[in-house]
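# Examination of the molecular architecture
For reference, the chains in residue letters:
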Amino acid sequence: RYSIPSKTIEYLSSGAATISVKNSKLMRLFERDAIWAKSADVKDLKAAMCRVLQYTDEELKNLAQVAQDKVINLYSFESVSKRLNEFLRQFIN
């Protein structure tokens, strides 16, 4: 129920445009940063791949860069450490 598809986050951080099956939790954070397929059905995946063809190379590069930057900002070691330290400080002071 609370599973996070870590591979999707890894793909989003790769610097390449990402096609993935919709995930409501990730879509809240990365709605415009990936090409989302409605389901894993071949028809839906094919439709998502066809949407990729509508992007220019520059648009795909930008899409990938924004996703990568966002993943680093949210989930990098430094970012998570900073938030964890802020959380723990609440109990120390």
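This write-up is about the structure you can find in this document. Here the structure is a predicted model, which means the values were calculated and not measured. Each chain has its residues counted from 1, following the order in which its sequence is written. Two thresholds apply to this predicted model, a pLDDT of at least 70 for residue-level local features and 80 or more for giving and counting side-chain atom pairs, whereas whole-chain, interface and lining totals are computed over all residues. Side-chain numbers come from the whole structure's heavy atoms, not from hydrogens or water.

### Examining the packing of aromatic side chains
As a reminder, the rule being used: Only rings of Phe, Tyr and Trp enter the pairing, Trp through its six-membered ring, and a pair is recorded when the two centres are within 6.5 Å. The plane angle decides the type: under 30 degrees is stacked, over 60 is edge-to-face, the rest tilted. Numbering of helices and strands starts at the N terminus; helices are DSSP runs of H or I of at least 4 residues and strands are runs of E of at least 2. Only protein chains enter the calculation, and the probe is 1.4 Å; a residue is then buried if its accessible area is under 20% of its type maximum, exposed if over 50%, and partly exposed in between.
Counted by the stated rule, this structure contains one aromatic pair. Judged by centre distance (5.1 Å) and plane angle (75°), the rings of Phe-87 and Phe-91 are edge-to-face. Of this pair, Phe-87 and Phe-91 both sit in helix α5 (residues 77-92), four residues apart, which is roughly one turn of that helix. Looking at Phe-87, the relative accessible area reads 44%, which means it is partly exposed.

### Here we look at the environment of Val-21
As for its placement among the helices and strands, Val-21 is situated in strand β1 (residues 19-21). Assessed through its relative accessible area of 33%, Val-21 is described here as partly exposed. Distance from Val-21 to Arg-51, taken between C-alpha atoms, is 14 Å for residues 30 residues apart in sequence.

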